[in-house]
Amino acid sequence: MNGYDLIRPLLFSLPAETAHGIVHGLLRASDGTPVESAMARRYRVRDPRLAVEAFDREFPNPVGVAAGFDKNAEVPGPLAALGFGFVEVGGVTAEPQTGNPRPRMFRLREDGAIINRMGLNNDGADVVGERLAGVDAPVPVGVNVAKSEHVGGADAPADYRYTYERVAEGGDFFVVNVSCPNSQGFEELQNRESMAAIVEALRDAGAAPLLIKLSPDLPEPAVEDALAIVREYELEGVVATNTTTERPASLRSENRAETGGLSGKPLEDEATRMVRFVAERVDVPVVGVGGVSSAEGAYRKIRAGASLVQLYTALVYEGPSLAREINEGLLELLERDGFDSVEDAVGADLE
Ligand SMILES: Cc1cc2nc3c(=O)[nH]c(=O)nc-3n(C[C@H](O)[C@H](O)[C@H](O)COP(=O)(O)O)c2cc1C
């Protein structure tokens, strides 16, 4: 039994977003204090075999925090102290947004999943950009850049560009989010012309390294279109995947009928399939995300072609020791299979 087993029942007795707020608040309170250093001593796994170099950045280990956990870039330092090798903050939009009415985040406990329809609530690019400039985290910090709610398709490129310019100084890499199922008109954002216009605007503004985050619900031809853009604009990477609007028949929890994006266990295999699909077609690092909750799950994505992995939902269910468990487990799996490093294992299952 670890400490989280004791407080999980308390957190789970509260609405999901309230519990998230408490955890986030504790992390904020630890920032820059001896508690943060104590967490780092307890949770960080230092081993050169875990280190990954991707898009010209050095990652101490391949396990990152996915977008949405730290929307306003308030806790990259404490998350690094929990042992994560990188943090993607955001989604950030040009203007501050309150998001959808609550409740808008639901646990599906029996399924190890979450459904959320947050609607990209965040402090906006001006505030987050300023905060980010003051962040001094020991790991790379990526910024997830999203479209403002009220902005129509034609104005989307300028909207993304505005946000990028505000967060440029504080980010180590940038992720174009065209795949948030809770943002209005997102299907439209994922057609080839829209994606190209957004990416072009960001490239013109100097955005690099620039990655694109894809939806697991995209039909194959649309994924091919996205990958054509990756090649055409020489993007530095692909993040696969965002949440799904699908509802697998296996879901058991009462909350399965809620509207929004589904994340966690039920998304795992589909996300891994998408990692493989992308890794087979482009020659840039893939960040694998969706249902990672263990070393074995992280390893499956790495073997399917992911250079890095990320998670959000499992952190809610497993608690603060998860990054350490995954990193320690990865070292064992590498040893078992005779790999010298994580980088050696990337894409091992590809033809
Ligand atoms: C509450 C919540 C908020 C999220 N917000 C964002 C977001 O702002 N931008 C984004 O690209 N993805 C967002 N995501 C998606 C995650 O980054 C990730 O792609 C997805 O949850 C799958 O990973 P997981 O199964 O480990 O949670 C969010 C997920 C959750 C659960």
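Parameters and conventions
Residues numbered from 1 in each chain as written. Predicted model: local features only at pLDDT ≥ 70, side-chain atom pairs only at ≥ 80, totals over all residues. Heavy atoms only, no water. Helix = DSSP H or I, 4+ residues; strand = E, 2+ residues; numbered from the N terminus. Patch = residues over 30% accessible without salt bridge, like charges linked within 9 Å, V, L, I, M, F, W, Y side chains within 5 Å. Areas by Shrake-Rupley, 256 points an atom, 1.4 Å probe, with all protein chains shown as cover. Salt bridge = Lys/Arg side-chain N within 4 Å of Asp/Glu carboxyl O. Lys, Arg positive; Asp, Glu negative; His and termini not counted. Charge placed at Lys NZ, Arg CZ, Asp CG, Glu CD. Buried < 20%, exposed > 50% of the residue type's maximum accessible area, 1.4 Å probe, protein only. Contact = heavy atoms within 4.5 Å. Near = heavy atom within 4 Å. Polar contact = N/O pair within 3.5 Å; in protein donor to acceptor, adjacent residues only side chain to side chain. Nonpolar A, V, L, I, M, F, W, Y, C, P; charged D, E, K, R; others polar. 1 Å grid on protein atoms, 1.4 Å probe; cavity = no way out; pocket = protein on both sides within 12 Å on 5 of 7 lines; lining within 4 Å. Points joined across faces, edges and corners; volume = space filled by probe spheres on them.

**A closer look at the environment of Glu 193**
Then step 1. Position of Glu 193 among the secondary structure elements: in helix 8 (residues 192-204).
Then step 2. Along the primary structure Glu 193 and Asp 225 are separated by 32 residues, whereas in three dimensions their C-alpha atoms are 9.4 Å apart.

**Let's talk about a negative patch on the surface**
Then step 1. On the surface, a cluster of negative charge is contributed by Glu 53, Asp 56, Glu 58, Asp 340, Glu 343 and Asp 344.
Then step 2. For Asp 344, the location among the structural elements is in helix 14 (residues 342-345).
Then step 3. Using a relative accessible area of 41% as the deciding quantity, one classes Asp 344 as partly exposed.

**Description of the environment of Cys 180**
Then step 1. By the secondary structure assignment, Cys 180 is in the loop between strand 8 (173-177) and helix 7 (186-189).
Then step 2. Placed 81 residues apart in sequence, Cys 180 and Gly 261 show a C-alpha to C-alpha distance of 8.0 Å.
Then step 3. Residues contacting Cys 180, with those up to four places away along its chain left out, are Leu 120, Phe 186 and Asn 242.

**Here's the deal with the site of the ligand**
Then step 1. Ala 67, Asn 144, Gly 264, Gly 291 and Thr 313 are the nearest of the 24 residues found near the ligand.
Then step 2. In this structure, Gly 91 approaches the ligand through a main-chain N or O atom, which is 3.0 Å from an oxygen atom.
Then step 3. A distance of 2.8 Å separates an oxygen atom of the ligand from a polar atom in the side chain of Asn 144.
Then step 4. Isolated, the ligand exposes 610 Å² of accessible area, and the fraction of that covered by the protein chains is 98%.
Then step 5. Mapped by element, the contributors of at least two residues to the shell around the ligand are strand 4 (86-92), strand 6 (113-116) and strand 11 (261-264).
Then step 6. Partitioning the shell around the ligand into residue classes produces eight nonpolar, 14 polar and two charged.

**Comments concerning the layout of surface pockets**
Space left empty within the atom packing is revealed by a probe, the size of a water molecule, rolled over the atoms.
Then step 1. Computed from the structure, the second largest pocket encloses a volume of approximately 620 Å³.
Then step 2. What lines the second largest pocket is a set of 28 residues, and nearest its centre among them are Tyr 4, Ile 7, Val 23, Gly 319 and Pro 320.
Then step 3. Secondary-structure elements contributing two or more residues to the lining of the second largest pocket are helix 1 (3-12), helix 2 (16-30), helix 3 (34-43), strand 5 (105-108), helix 12 (313-318) and helix 13 (322-337).
Then step 4. When its residues are assigned to classes, the lining of the second largest pocket shows 18 nonpolar, six polar and four charged.

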